[in-house]
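The lines below spell out each chain.
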Amino acid sequence: MTARIIDGKQIAADIRDELKAEVAALKEKGIVPGLGVVLVGEDPASQSYVSAKEKACESIGIYSDDNRLPVETTQEELLALVGRMNNDPRINGILVQLPLPRHIDESAVLMAIDPDKDVDGFHPVNVGKMVVGEDAFLPCTPHGVVQMLRRSGVETCGAHVVVVGRSNIVGKPVANMLLQKKEGANATVTLCHTRTRDLGQFTRQADIIIAASGFPNTVTADMVKEGAVVIDVGVNRIEDPTRERGYRLVGDVDFDAVKEKASMITPVPGGVGPMTITMLLFNTVVSAKRANGID
Ligand code: GUN
């Protein structure tokens, strides 16, 4: 079997078109959704994520308030900025780009964000609501994964999903979302991680594999059941002297070999990546609607 490629760029573009129409309708009511973005320091990967977020906001008509702060910014200064944005009615969502410099307590900053503006879905209030199945801001990458499955017609009800990776940003939330007693979920979920003994024993039982380990080739063809759906959340740089920039991006899955066994697979780049920012825009629009009593 050669897998159908799940085109994350196309699915993201479809959702962005829907959001653009919603933003235009909100503007007619005098409402402009706003996102506050904070980047501390000059990490090149973070700079490019943040620029992409700002561009995406602009492309669908969301107001974006960019705050690029020097690496020596103190925790107090950052907390004061978050406090100002919590109280600014133009801002519906706050995004503090992670990782933060080491002298800043990441958890203290995330806790300071008003849960009603926590469009990253990282505040414990939103994490708790997600776990008990209440309405919450869902973290963007796992929410994007769930949307991709849904929009590609993948049945999750009763399916065995094996998640590889237990991060707070991807593994734990995606496992939680898919086990909910809800449409588009209802899966049997196994969560594997770096201490799992014989990972292949679990992944070979999976109808759906979600790879979020952070290491290339974590999932190889011998670990995949014929016809499984494979979602690759990984973004790893590997050296490639044939490329001008000296590296290329690969996921956590051995794509070339696994695509011959899977029924559907996401590529890297062009798979999960474009969905993350799209779901951030989605959360910002939802937040703007809630703040104005719509929905
Ligand atoms: N760093 C890497 N991914 C993310 C994300 O989804 N949100 C934030 N705030 N920082 C990140």
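Residues numbered from 1 in each chain as written. Predicted model: local features only at pLDDT ≥ 70, side-chain atom pairs only at ≥ 80, totals over all residues. Heavy atoms only, no water.

Student: Requested: an account of the packing of aromatic side chains, with residues and values cited.
Tutor: By the definition in use, this model includes zero aromatic pairs. A cation over an aromatic ring shows up here: Arg290 above the ring of Phe137, its NZ or CZ 4.9 Å from the ring centre. (Phe/Tyr/Trp six-rings, centres within 6.5 Å; stacked < 30°, edge-to-face > 60°. Lys NZ or Arg CZ within 6 Å of the ring centre and 35° of its normal.)

Student: Go over the sheet that holds strand β2 (residues 34-40) with me, naming the residues and quoting the values.
Tutor: Judged by pairing direction, the sheet is parallel, and its three strands sit side by side in the order β3-β2-β4 without closing on themselves. Either end of the sheet is taken by a strand with one partner, and the two such strands are β3 (63-69) and β4 (93-96). Across the sheet, the mean angle separating the axes of adjacent strands is 15° when strand polarity is ignored. Alignment of β2 against β3, held across seven bridges, turns out to be parallel. Residue pairing across strands places Val38 opposite Asn67, the latter belonging to β3. This element, helix α2 (residues 44-60), spans β2, β3 and β4 of the sheet and lies at about 160° to β3. (Pairing = 2+ DSSP bridges. Helix = DSSP H or I, 4+ residues; strand = E, 2+ residues; numbered from the N terminus. Axes fitted to C-alpha atoms, helices over the stretch in contact; angles between N-to-C directions. Contact = heavy atoms within 4.5 Å.)

Student: Just give me the short version of the side chain of Asp88, but keep the residues and values in it.
Tutor: You can see Asp88 is positioned in the loop between α3 (75-86) and β4. On the basis of relative accessible area, Asp88 is assigned to the buried category, the value being 14%. Here Arg90 takes part through its backbone nitrogen, which lies 2.9 Å from a polar atom of the side chain of Asp88. (Buried < 20%, exposed > 50% of the residue type's maximum accessible area, 1.4 Å probe, protein only. Polar contact = N/O pair within 3.5 Å; in protein donor to acceptor, adjacent residues only side chain to side chain.)

Student: How would you explain helix α10 (residues 273-291) if you had to name every residue and give the values?
Tutor: For α10, which comprises 19 residues, the first-to-last C-alpha distance of 28 Å matches the rise-based estimate of 27 Å (1.5 Å per residue) to within 8%. Following α10 by one or two positions, Gly293 adopts a phi angle in the positive range, close to 70°. (Expected span 1.5 Å × (residues − 1).)

Student: Which residues make up the site of the ligand, and what are the values?
Tutor: The ligand sits among Leu95, Val96, Gln97, Leu98, Asp120 and Phe122. Residue Leu98 places a main-chain N or O atom 2.9 Å away from a nitrogen atom belonging to the ligand. Within the side chain of Asp120, a nitrogen or oxygen atom sits 2.6 Å from a nitrogen atom of the ligand. Considered on its own, the ligand offers 280 Å² of accessible surface; in the complex 84% of this is hidden by protein. Considered class by class, the residues forming the shell around the ligand number four nonpolar, one polar and one charged. (Near = heavy atom within 4 Å. Areas by Shrake-Rupley, 256 points an atom, 1.4 Å probe, with all protein chains shown as cover. Nonpolar A, V, L, I, M, F, W, Y, C, P; charged D, E, K, R; others polar.)

Student: Describe the packing of helix α1 (residues 8-28) against α10, listing the residues and the values that go with them.
Tutor: Direction vectors running N to C along α1 and α10 enclose 20°, while the axes themselves pass 9 Å from each other. The orientation of α1 with respect to α10, classified from their angle, is roughly parallel. For α1 against α10, the interelement crossing comes out left-handed. Along the contact surface, α1 presents Gly8, Lys9, Ile11, Ala12, Ile15, Arg16, Leu19, Glu22, Val23 and Leu26, while α10 presents Pro274, Met275, Ile277, Thr278, Met279, Leu281, Phe282, Val285 and Lys289. Each residue belonging to the contact of α1 with α10 can be placed in one class, and the counts come to 13 nonpolar, two polar and four charged. (Parallel < 35°, antiparallel > 145°, perpendicular 65-115°, else oblique. Left-handed = near helix turned anticlockwise from the far one by under 90°.)

Student: Outline unusual backbone geometry, supporting the account with residue identities and numerical values.
Tutor: The residue after Leu98, namely Pro99, is reached through a cis peptide bond having omega 0°. Tracing the backbone shows Pro99 in the loop between β4 and α4 (106-112). Put simply, Val268 and Pro269 share a cis peptide bond, and its omega is -5°. Here Pro269 lies in the loop between β11 (264-265) and α10. A positive phi angle is found at Asn186, which is not glycine, with a value near 60°. Along the chain, the position of Asn186 falls in the loop between α7 (171-179) and β6 (188-192). For Asn217, which is not glycine, the phi torsion reads 60° and is therefore positive.

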